[in-house]
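Chain by chain, the residues:
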Amino acid sequence: MTLELGAPAPAFTLPDPAGRVYTLSDFSAGQALLVAFICNHCPYVIHVLDGLVNFAADYRARNLATVAINANDVAAYPEDRPELMAALAGARNFSFPYLYDESQDTAKAYGAVCTPDFFLFDARRHLAYRGRFDASRPRSAVPVTGSELRRAADAILARGQVPTDQVSSQGCSLKWKPGNEPGRA
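Summary of the structure given here. (Residues numbered from 1 in each chain as written. Predicted model: local features only at pLDDT ≥ 70, side-chain atom pairs only at ≥ 80, totals over all residues. Heavy atoms only, no water.)

Description of the overall build of the protein
Working step 1: Secondary structure assignment for the protein yields four helices and nine strands.
Working step 2: In the protein, the succession of helices and strands from N to C terminus is β-β-β-α-β-α-β-α-β-β-β-α-β.
Working step 3: Projecting the C-alpha coordinates of the protein onto the three principal axes gives extents of approximately 45 × 35 × 30 Å.
Working step 4: Out of the 185 residues in the protein, the part that is buried amounts to 53%.
Working step 5: A sequence separation of at least 24 residues applies to 74% of the contacts in the protein between residues at least 6 apart.
Working step 6: Taken as a whole, the protein presents about 8,400 Å² of accessible surface, with 53% of it coming from carbon and sulfur. (Helix = DSSP H or I, 4+ residues; strand = E, 2+ residues; numbered from the N terminus. Buried < 20%, exposed > 50% of the residue type's maximum accessible area, 1.4 Å probe, protein only. Contact = heavy atoms within 4.5 Å. Areas by Shrake-Rupley, 256 points an atom, 1.4 Å probe, with all protein chains shown as cover.)

Rendered as structure tokens:
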């Protein structure tokens, strides 16, 4: 089930690869919050990753918190294992936590369907934007700018109107554990 605009951010309790546990309340000081579902292996994530790292750094200075979550089945996709998450975060200089959703419950609660999938929440932690980073795709001539996410973040931070023309993110499907797909018991 997809998280609808205006819905509150679902709570989570997730570890980073070093075992430090984060909860939604750890990000309460930010005027806004970006929850990005990503992974290590997806070509769509790899394509926008530097742009996402730059976005997080730029907007951190403007009081927007960022957290990334990997919910993929690491048994089927070993390149997404926590120790490799830590290596990627270090190599790309993440300024935000990269958390592991082993149970996939958080991904289900947010209605994440692909990587990357972006959920931008306002100061009250209500969903204001769920869309793509920008129009760039792997092997396209369109540069990675983050223009769509930046436009939404600028509006939220200025307490203005968030664009209503939100285009869904496109990427690799979330890699569910067998029998754990959304809608299954």
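Considerations on the packing of aromatic side chains
Working step 1: One pass over the structure, following the stated rule, counts 11 aromatic pairs.
Working step 2: Measuring from ring centre to ring centre gives 5.7 Å for Phe37 and Phe119, while their planes differ by 80 degrees; the resulting arrangement is edge-to-face. Note that Phe37 is positioned in strand S3 (residues 32-37) and Phe119 in strand S7 (residues 117-121), a separation of 82 residues in sequence.
Working step 3: Among the residues examined, Phe119 registers a relative accessible area of 0% and is labelled buried.
Working step 4: Here Tyr110 and Phe121 contribute two aromatic rings whose centre-to-centre distance is 6.0 Å and whose plane-to-plane angle is 85 degrees, an arrangement assigned as edge-to-face. Of this pair, Tyr110 sits in helix H3 (residues 105-110) while Phe121 sits in strand S7, and the two are 11 residues apart along the sequence. Residue Tyr110 shares its accessibility class with Phe121, and that shared class is buried.
Working step 5: Clustering of aromatic rings is evident, with ring pairs tying together Phe37, Tyr110, Phe119 and Phe121. (Phe/Tyr/Trp six-rings, centres within 6.5 Å; stacked < 30°, edge-to-face > 60°.)

As for the sheet that holds strand S5 (residues 98-100)
Working step 1: Pairing is mixed across the open sheet formed by five strands, whose spatial order is S5-S4-S3-S7-S8. Looking at the sheet topology across the chains shown, the edges are occupied by S5 and strand S8 (127-131). Within the sheet, the average angular offset between the axes of one strand and its neighbour, ignoring direction, is 20 degrees.
Working step 2: Together, S3, strand S4 (64-70) and S7 form the strand contacts of helix H1 (residues 43-60), whose direction differs from that of S4 by roughly 150 degrees.
Working step 3: Sheet strands touched by helix H2 (residues 82-91): S4 and S5. Its angle to S5, the strand with the most contacts, is close to 175 degrees. (Pairing = 2+ DSSP bridges. Axes fitted to C-alpha atoms, helices over the stretch in contact; angles between N-to-C directions.)

So, the packing of H1 against helix H4 (residues 147-157)
Working step 1: At a minimum axis distance of 12 Å, the contact between H1 and H4 shows a crossing angle of 15 degrees. The angle between the axes of H1 and H4 places the two elements in the roughly parallel class. As H1 runs across H4, the sense of the crossing is right-handed. Side by side, H1 and H4 meet where Asn54, Phe55, Asp58 and Tyr59 of the first sit next to Leu149, Arg150, Ala153, Asp154 and Leu157 of the second. (Parallel < 35°, antiparallel > 145°, perpendicular 65-115°, else oblique. Left-handed = near helix turned anticlockwise from the far one by under 90°.)

Some details on the nonpolar core
Working step 1: Ile38, Leu64, Phe94 and Leu120 are the most contacted members of the largest nonpolar core, which has 37 residues in total.
Working step 2: Within the residue set of this core, elements represented by two or more residues are S3, H1, S4, H2, S5, S7, S8 and H4.
Working step 3: In terms of residues, this core owes the most to one element, H1, which gives eight residues.
Working step 4: Not counting chain neighbours up to four residues away, the residues in contact with Leu120 comprise Leu33, Leu34, Leu64, His126, Leu127, Ala128, Tyr129, Leu149, Ala152, Ala153 and Ile156.
Working step 5: Of all hydrophobic cores here, the second largest spans 24 residues; its members include Tyr22, Leu33, Tyr110 and Phe119. (Core = buried A, V, L, I, M, F, W, Y, C linked by side-chain atoms within 4.5 Å.)

Digging into unusual backbone geometry
Working step 1: Cis rather than trans, the peptide bond between Thr115 and Pro116 has omega equal to 0 degrees.
Working step 2: Of note, Pro116 is situated in the loop between strand S6 (114-115) and S7.
Working step 3: Residue Arg125 is not a glycine yet carries a positive backbone phi of 65 degrees.
Working step 4: With respect to the helices and strands, the residue Arg125 is situated in the loop between S7 and S8.
Working step 5: A relative accessible area of 10% means that Arg125 is categorised as buried.
Working step 6: In the Ramachandran plot, Arg139 falls in the positive-phi region, its phi being about 65 degrees despite a non-glycine side chain.

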